[in-house]
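Each chain, written out:
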Amino acid sequence: QVQVVESGGGLVQSGGSLSLSCAASGNTLTITAMGWYRQAPGKERELVASISNDGSTNYADSVKGRFTISRDNGKNTVYLQMNNLKPEDTAVYYCNARRFMRSDSWGQGTQVTVSS
């Protein structure tokens, strides 16, 4: 089993910045990638950014140039630095741990609200 716990989030004005953290615990050797997803009211959950064990990253087009995902393998922690936030970034952000031949692990979610 792998558990992931998010921290960070909150309320910020448009143009501001926030940082999210996600710490994984348990059988972390099975993790192949970690990432952030978000879900806004009435919308489907979507990938925001992901980072593989080899450090390769992937971003949604809507956040490229504004968000940065990074990872501390020693701490089994992934970070999401969000700059120049826009009201359309408002959503619940979920941490995801992709696991080798196992089901993904998900965090409980953290709210990010960007006011205009």
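Note that the structure is predicted; figures quoted are calculated from it, not measured. (Residues numbered from 1 in each chain as written. Predicted model: local features only at pLDDT ≥ 70, side-chain atom pairs only at ≥ 80, totals over all residues. Heavy atoms only, no water.)

**Q** If you had to explain the overall build of the protein to someone new, which residues and values would you point to?
**A** The helix and strand inventory of the protein stands at 0 helices and 11 strands. Ordered by position from N to C terminus, the α and β elements of the protein give β-β-β-β-β-β-β-β-β-β-β. Relative to a compact globule of 116 residues, whose C-alpha radius of gyration would be 13 Å, the protein shows 13 Å and is just as compact. Summarising its shape, the C-alpha atoms of the protein cover approximately 40 × 25 × 20 Å along the three principal directions. Within the protein, the proportion of its 116 residues that are buried is 41%. Considering only residue pairs separated by 6 or more positions, the protein has 53% of its internal contacts joining residues 24 or more positions apart. (Helix = DSSP H or I, 4+ residues; strand = E, 2+ residues; numbered from the N terminus. Rg over C-alpha atoms; globule rule 2.2 N^0.38 Å. Buried < 20%, exposed > 50% of the residue type's maximum accessible area, 1.4 Å probe, protein only. Contact = heavy atoms within 4.5 Å.)

**Q** So what about the side chain of Glu6? Which residues, and what values?
**A** The residue Glu6 is located in strand S1 (residues 2-8) in this model. For the buried Glu6, no salt bridge exists, and the shortest N-O distance to an oppositely charged side chain is 7.7 Å, to Arg45. Polar contacts involving the side chain of Glu6 include one to the main-chain amide nitrogen of Gln108, which spans 3.1 Å. With near-sequence residues (within four places) excluded, Glu6 lies in contact with Ser21, Cys22, Trp36, Tyr93, Tyr94, Cys95, Gly107, Gln108, Gly109 and Thr110. (Lys, Arg positive; Asp, Glu negative; His and termini not counted. Salt bridge = Lys/Arg side-chain N within 4 Å of Asp/Glu carboxyl O. Polar contact = N/O pair within 3.5 Å; in protein donor to acceptor, adjacent residues only side chain to side chain.)

**Q** Lay out the sheet that holds strand S8 (residues 77-82) with the relevant residues and their values.
**A** What the 4 strands build is an open sheet, ordered S1-S3-S8-S7; its pairing is antiparallel. The open sheet has two edge strands, S1 and strand S7 (67-72), and neither has a second partner. With direction set aside, neighbouring strand axes in the sheet form an average angle of 15°. Both S7 and S8 contribute to a ladder of 6 bridges, which runs antiparallel. When the bridges of S8 are listed, Phe67 appears paired with Met82. (Pairing = 2+ DSSP bridges. Axes fitted to C-alpha atoms, helices over the stretch in contact; angles between N-to-C directions.)

**Q** Explain the pattern of salt bridges residue by residue, including any values.
**A** Considering all chains together, one arrives at 5 salt bridges under this definition. Residue Arg38 pairs with Asp89 through a salt bridge whose shortest N-O separation is 2.9 Å. With Arg38 in strand S4 (residues 31-39) and Asp89 in the loop between S8 and strand S9 (91-99), this pair connects stretches of sequence that are 51 residues apart.

**Q** Residue-level account of the state of the cysteines, with values.
**A** Here a disulfide denotes a covalent bond joining the sulfur atom of one cysteine to the sulfur atom of another. For the structure on display, the rule yields 1 disulfide. Covalent S-S linkage joins Cys22 and Cys95, the inter-sulfur distance amounting to 2.0 Å. Measuring the twist about the S-S bond at about -85°, one finds the Cys22-Cys95 disulfide to be left-handed. Of the two residues, Cys22 is situated in strand S3 (residues 18-26) and Cys95 in strand S9; the sequence distance between them amounts to 73 residues. (Disulfide = S-S within 2.5 Å.)

**Q** Residue-level account of the environment of Thr32, with values.
**A** The residue Thr32 is located in strand S4 in this model. Here the alpha-carbon distance between Thr32 and Ser52, two residues 20 residues apart in the chain, equals 6.1 Å. With sequence-adjacent residues up to four places away left out, Thr32 is seen in contact with Ser52, Asn53, Arg71, Arg98, Arg99 and Phe100.

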